[in-house]
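Spelled out from the first residue to the last, the chains are:
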Amino acid sequence: MSITCSVSTTIPRARETVFELATQNETYERALLPYGPIAGVVEVKMVEGGALQRGALREARLTDGSVLVEEILEHDVPTRHRYKWAGGLKPPIAWLLRSGEGTWTFSEVTDGTRVEWSYEFELRSPLAYTIAPPIAALFRRYQKKALARIRDLALELPQRDASQPAASANTQPRA
């Protein structure tokens, strides 16, 4: 039994720029802040310094002390980023959720890039499903706020035309 949360926004920047920004570990630390009972991200790092690619593992340390280990399922620049985690949450959320899978999809649109962030949560029991809808609504608000922060971060970046290559994550200046 699962429940899905999905939100989207349009960012007036090139898809490559938005994809790179949205999938950088440092961006999660700046955009996925605590919201009510939902923990924020304190730090994200690749396990053993690996590259962000399919099959890689990364750790996300949250404000409630949880540490999620995420497996990268897809990292298709500049269109799709998908990952899953199993365990690592602390109660009370850990009592409700068994695992989660996040998907970020980036599409070119007339006025920039449409970003959709969806999450599918596997619930621990049918009982969890009875209280999941209000929690899912809260999580969607968390997602909307995070996407708004990513949009703001993207708007701080200089606009470049399609002939300019995206900066490497290793060479892009950090704020």
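> Before we move on, can you summarise helix α1 (residues 15-23) with the specific residues and values?
Burial within α1 is extensive, with eight of its nine residues counted as buried. All of the buried residues in α1 are Arg15, Thr17, Val18, Phe19, Glu20, Leu21, Ala22 and Thr23.

> Can you break down the packing of aromatic side chains residue by residue, with the values?
Summed over all chains, the structure comprises twelve aromatic pairs. Seen in terms of ring centroids, Tyr28 and Trp104 are 6.4 Å apart; in terms of plane orientation they differ by 55°. Their pairing is tilted. Remark: Trp104 occurs in strand β6 (residues 97-109) and Tyr28 occurs in helix α2 (residues 25-31); sequence separation between them is 76 residues. Given a relative accessible area of 5%, Tyr28 falls into the buried group.

> How would you explain the pairing of strand β5 (residues 80-86) if you had to name every residue and give the values?
One ladder, built from six bridges, connects strand β4 (residues 67-76) with β5; its direction is antiparallel. Counterpart to Glu70 in the pairing with β5 is Trp85. Here β4 folds back onto β5 in antiparallel fashion, the turn holding three residues. Pairing between β5 and β6: seven bridges, direction antiparallel. Counted as the bridge partner of Arg80 is Thr105 from β6.

> How would you explain unusual backbone geometry if you had to name every residue and give the values?
Here the bond from Val77 into Pro78 is cis, since omega is -5°, no more than 30 degrees from zero. Inspection of the secondary structure puts Pro78 in the loop between β4 and β5. For the peptide bond that leads from Pro91 to Pro92, omega is 10°, which places it in the cis range. Its location among the elements puts Pro92 in the loop between β5 and α3 (93-96). The backbone of Glu48 sits at a positive phi, close to 55°, despite the residue not being glycine. Its location among the elements puts Glu48 in the loop between β2 (41-46) and β3 (57-62). The exposure class of Glu48 is exposed, given its relative accessible area of 81%.

The rules behind the values
In every chain, residue numbers begin from 1 and rise along the written sequence. The predicted origin of the model limits local features to residues at a pLDDT of at least 70 and limits the giving and counting of side-chain atom pairs to 80 or more, whereas totals for whole chains, interfaces and linings rest on all residues. Side-chain measures were taken over the full set of non-hydrogen atoms in the model, leaving aside hydrogen atoms and water. To sort residues, take the accessible area from a 1.4 Å probe on protein chains only and compare it with the maximum for the residue type: under 20% means buried, over 50% means exposed, and anything in between is partly exposed. The way it works is that DSSP assigns letters per residue, a run of H or I at least four long becomes a helix, a run of E at least two long becomes a strand, and they are numbered from the N terminus. Put simply, two rings from Phe, Tyr or Trp (the six-membered ring, in Trp's case) pair if the centres are within 6.5 Å, and we call them stacked under 30 degrees between planes, edge-to-face over 60, tilted for the rest. Two strands make a pair as long as DSSP finds a minimum of two bridges between them.

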